[in-house]
Amino acid sequence: MKQVSEILYQDKKLGFFIYLIVEAVMFATLFATYIIFTPPSEGVQPDEVYELKTVILTSVFLLSSSGTLLVAESGLKHWNRMKIWLGLGLTLLLGSLFMGFEVHEFYKYASEGHTITVNNFLSSFYVLVGLHASHVAFGLAWMILLMLQFKQQKIPESLFIEKHKIFNYYWHFVDAIWVMIILIVYAPYLF
Amino acid sequence: MNIPFIGEVPSDIVVAWIISILLGGFLFSWVTKAGKWQVIMKYAQTTHHRKIGVMYLLLAVVFFIRGGIDALFIRTQLAVPENDFWVFQSQKYNEVFTTHGTIMIFFVAMPLLIGLMNVALPLQIGANDLAFPYLNAVSFWLFAAGGVIFNMAFFFNAAPNAGWTMYTPLATDTFTTEPNNNYYILGVQVSGLGTIFTAINMIVTIIRLRAPGMKLSRMPLFSWSALITSVLILVAFPVLTIALLLLMFDRLYGTNFFMGEVGDPVYWQHLFWIFGHPEVYIIVLPAFGIFSDIISNFSTKRVYGYTSMVAALALIGLLGFMVWAHHMFTVGLGSMANTFFAITTMLIAVPTGIKVFNWLFTMRKGIVKIRTPMLFALGFIPTFVIGGVTGVMLAVAAADYQYHDSYFVVAHFHYTIIGGTILGSFAGIYYWFPKMTGKMLNEKLGKWHFWLFLIGFHLTFMPQHFAGLNGMPRRVYTYMWEDHIFLLNFVSTIGAFLMGASMLFFIWNIYYTCRFTGGAAADPWNGRTLEWTVGSPAPEHPFEPMPRIDSLDAYWYAKINKKQLPEAEDVRPSPIAVETFQPVLLAGVIGIMSIGFIYGWLWMQIVGAGASLAFFVIRSLTDERKRVYEREEEL
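Cut-offs applied
Residues numbered from 1 in each chain as written. Chains lettered and ligands numbered in written order. Predicted model: local features only at pLDDT ≥ 70, side-chain atom pairs only at ≥ 80, totals over all residues. Helix = DSSP H or I, 4+ residues; strand = E, 2+ residues; numbered from the N terminus. Rg over C-alpha atoms; globule rule 2.2 N^0.38 Å. Buried ≥ 20, exposed ≤ 12 C-beta atoms within 10 Å, placed from the backbone. Contact = placed C-beta atoms within 7 Å. Nonpolar A, V, L, I, M, F, W, Y, C, P; charged D, E, K, R; others polar. Expected span 1.5 Å × (residues − 1). Bend = angle between axes of the 7 residues up to and from the residue. Core = buried A, V, L, I, M, F, W, Y, C linked by C-beta atoms within 7 Å. Axes fitted to C-alpha atoms, helices over the stretch in contact; angles between N-to-C directions. Parallel < 35°, antiparallel > 145°, perpendicular 65-115°, else oblique. Left-handed = near helix turned anticlockwise from the far one by under 90°. pLDDT = per-residue confidence, 0-100.

Another aspect to go through is the overall build of chain B. Along its length, chain B carries 20 helices and 2 strands. The C-alpha atoms of chain B give a radius of gyration of 24 Å, which matches the 26 Å a tight globule of 635 residues would have. For chain B, the spread of C-alpha atoms along the principal axes amounts to about 70 × 60 × 50 Å. Burial analysis of chain B (635 residues in total) assigns 54% to the buried set.

Encoded structure:
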């Protein structure tokens, strides 16, 4: 007989995976919107807006944060508190750096006059990439909450592992969306 | 009317204010006098599937009354040519048909079916609750918040007015500048989130919480329909979420996705119908499931062609995603596109036909008992077939140029939605009422309800086919004597009032039953499925001990063989129930945030959003799994 926590965790995992499908459909709709309106018939073109350097920096930070999260995951397996701290801490750091450069990118574009209302290419760009950025921001807050609960040690180990794993799925998913953003949003106009 | 301090307000709104204040005062004093506050507080905290289901149904009936009154206003205005009824002309008329449509689809059809799923689905498959009871409460309260937001609009003289489809560019801020349509966006958005969470909950429940031996191939058809509908929701509703998000950016933040030279109004139509057409299958498949169970039960026979019934459900669900552009035949997508979508649309008639014949064959040579749920099922079959036939007519793209936007379309979709979803929901309510309340609805009143409703329904909508063929466009508030559609419209209005009268019998039946009748047996209909093995009303932990299932309709065969269902060993743990105010409070702050967006009050948006996010933290810190897992670790 399997343990209660194991079975309830499997329920939650399935539910969360289905939720990620829902998110994927939402992002797919936004990708479609972006593809339909880009390149725009008038106004500023994507290759005049995008800046290779920021895209590379944000990508490096976010994609490597999925790797550092693996450290925490392996720490979960053998309950190595040090590894969990290290993995979460590094992921938080890299995620924050991504967030910083993302804000910088939006700020820079906007200050150059490329705001959301200029044309539909920019509108769909900001809604799509903005929704992704808000997912990262949400994930960062989630991670901080997770670390807080880890530090307090008031919840049972099995519950912490469950929460941590669900968070991992979320973070990897957000990362996968970023790969799609690189491929669909940036790459065709940067290279 | 000119009201001091407030200004010019249409008189219907003033009447609504007065009625609401009187009704609110009456309800408040009644609840206080009857000492029912405790019950209300209990329900506000509950995460139990039956109680949440009952709340869904109650709220759906309230919204049904509101949407029905809107319909009566529409029919009264259209009763005679060149009519001038009260205030319901031009823009006011636009508001009335917009609220009628939106309420009936999002706040009546959806919660009626989700409510019935909540009540019956776990019981049918041998689950002690839905997989995520807390999430279920969140779903319900999000739906309630969405419904309240949407219904508030009218009371603030800001009812949405661009039709339930919110077609752009009319729905953009260039043409409808007031906050009216923001109410639509936020109301539907919030309740839509609730629907998505419900779908997740249903799927996980069905996949993981079935009783031992209850294979998917032994599951009752209502549960099957709930599964397939939930899958449709997963794909359709996120598209709506994004469509509404983009429209919100157009209206609030000055983008032009659906407007002007750079934007594309037709893109809205695509997004809306990619959601909207699966949506009509979302609301009709569960009704099919209800009818399958009821027809089998009251024919005392196993459902005919079980496998083909499941296959037909799945096929309808799949084809449902390939037909959206049949709403757009006249947009000018080209003959290739029109041909493709015409053919896929006609294809849907095949699985639907399979279902109709299977229902008929289920009754053939059965011992048919005509009780109220069965009456609704019998009324459904011919009614829905008529709606299906006009559907195939509309699918002929060339002919659709004639039918498009006429009353023929109105007649068609009322035949399918009322004939399918609403009759199905009524049947389901009569059928499962013992499981919700422990009482049986009165048969005699039920028959009055049925016959008045069915006769009123056909009187209302049959003439609309001909009005439409005679050229009457939908969404117009008047017509001329020389249009020769007076008689058709007049009959239609009489029918609408008959349907209204039938609802009085229904409401009276519920009141009468709850007030004056005694307890129902566990198995009052001599049922076939698992929900009839547990007490009426269904207890908090219905399946203790857990039965083991070895066939379709296992309970029926156990009864025939005069045996008990065998008990299962090593039963999986049940989901954890909690009592908490968090879901209702969360819905409250999301409501506050929504008002902030509707009126563009930034401070309110920030307060609402901050409070909503805080609930994520609170939720994480008060996780009910904590105590259960702790106990496990102590062992």
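Regarding its fold elements, chain A presents 6 helices and 0 strands. Element order for chain A, N to C, with α for helix and β for strand: α-α-α-α-α-α. Across its three principal axes, chain A shows a C-alpha extent of roughly 65 × 30 × 25 Å. Classification of the 191 residues of chain A by burial places 34% in the buried group. Looking at chain A alone, contacts between residues at least 24 apart form 77% of all its contacts between residues at least 6 apart.

Moving on, we get to the interface of chain A and chain B. A common measure of how large an interface is: the accessible area buried when the components associate. Each side of the interface is counted separately: chain A has 34 residues, and chain B has 37 residues. Mapped onto the side of chain A that touches chain B, the elements with two or more residues apiece are α1 (4–37), α5 (120–152) and α6 (157–190) of chain A. When residues in the side of chain A that touches chain B are grouped by element, the largest group, 18 residues, is from α1 of chain A. For the side of chain A that touches chain B, a count of residues per class yields 20 nonpolar, 12 polar and 2 charged.

Turning our attention to helix α12 (residues 372–395) of chain B. Residues and elements named next belong to chain B. Taking 1.5 Å of rise per residue, 24 residues should cover 34 Å, and α12 covers 34 Å from first to last C-alpha, within 8% of that figure. Where α12 bends most, the angle comes to about 25°, and this point is Phe380, followed within four residues by the proline Pro382. A large share of α12 lies buried, amounting to 17 of its 24 residues.

Bringing the nonpolar core into the picture now. All names here are of chain B. Among the nonpolar cores identified, the biggest contains 231 residues, and Ala243, Phe291 and Ala427 are the most heavily contacted of them. With 21 residues, helix α4 (residues 90–125) is the largest single contributor of residues to this core. With residues up to four places along the chain from it excluded, the contact list for Ala427 reads Ile290, Phe291, Ile294, Pro373, Phe376 and Ala377.

Let's shift gears to helix α14 (residues 407–437) of chain B. All names here are of chain B. At Tyr431, α14 shows its maximal bend, which comes to roughly 50°, and the proline Pro434 appears one to four places after that position. Among the 31 residues in α14, 28 count as buried, and that is most of the element. A positive backbone phi angle near 80° is found at Gly438, which sits one or two residues after α14.

Mapped onto the fold, Ser41 of chain A is located in the loop between α1 and α2 (46–49). A count of 10 C-beta atoms within 10 Å places Ser41 of chain A in the exposed class.

Turning our attention to the environment of His465 of chain B. Residue and element names in this part refer to chain B. On the secondary structure map, His465 appears in helix α15 (residues 443–469). Judged by local crowding, His465 falls into the buried class, with 22 C-beta atoms found within 10 Å. Sequence-distant contacts of His465, that is, excluding residues within four places in its chain, are made with Thr390, Phe408 and Ala411.

Now for the packing of α1 of chain A against α6 of chain A. Residue and element names in this part refer to chain A. Interhelical geometry of α1 versus α6 gives an angle of 15° and a closest axis separation of 11 Å. On the basis of their axis angle, the class for α1 and α6 is roughly parallel. In the packing of α1 onto α6, the handedness of the crossing is right-handed. Here α1 contributes Ser5, Tyr9, Lys12, Phe16, Leu20, Glu23, Phe27, Phe31, Tyr34 and Ile35 to the contact with α6, which in turn contributes Ser158, Glu162, Ile166, Tyr169, Phe173, Ile177, Met180, Ile184 and Val185. Its residues assigned to classes, the contact of α1 with α6 shows 14 nonpolar, 2 polar and 3 charged.

Averaged over every residue, the pLDDT of chain B is 95; residues scoring 70 or more account for 100%. Interface predicted TM-score (ipTM) for the complex: 0.96; the corresponding pTM is 0.96.

Glycine aside, residues mostly have negative phi angles, and peptide bonds mostly take the trans form. All names here are of chain B. Omega for the bond connecting Thr168 with Pro169 falls within 30 degrees of zero, at 5°, which places this linkage in the cis form. Here Pro169 is to be found in the loop between α5 (133–155) and α6 (180–208). Omega for the peptide link from Ser536 to Pro537 comes to -10°, which places this bond in the cis form. Structurally, Pro537 can be placed in the loop between α16 (486–516) and α17 (554–560). The backbone of Glu82 shows a phi angle near 50°, a positive value even though the residue is not glycine. In this structure, Glu82 sits in the loop between α3 (49–77) and α4. Judged by C-beta crowding, with 9 C-beta atoms within 10 Å, Glu82 ranks as exposed. Phi is positive for Asp553, which is not a glycine, with a value near 55°. The topology assignment puts Asp553 in the loop between α16 and α17. With 23 C-beta atoms packed within 10 Å, Asp553 lands in the buried category.

Before going further, it helps to spend a moment on the environment of Met440 of chain B. All names here are of chain B. Residue position: Met440 is located in the loop between α14 and α15. Put simply, Met440 and Thr195 are 245 residues apart on the chain and 29 Å apart in space, counted from C-alpha to C-alpha. Non-local contacts of Met440, meaning those with residues more than four positions away in its chain, are made with Phe433, Pro434, Thr517, Ala520 and Pro524.

Turning our eyes to something else, we now look at the packing of helix α3 (residues 52–78) of chain A against helix α4 (residues 81–111) of chain A. To describe two helices that pack against each other, one gives the angle between their axes and the distance between the axes. Residue and element names in this part refer to chain A. Close contact between α3 and α4 brings their axes to 7 Å; oriented N to C, the two are set at 165°. On the basis of the axis angle, α3 is roughly antiparallel to α4. The chirality of how α3 crosses α4 is left-handed.

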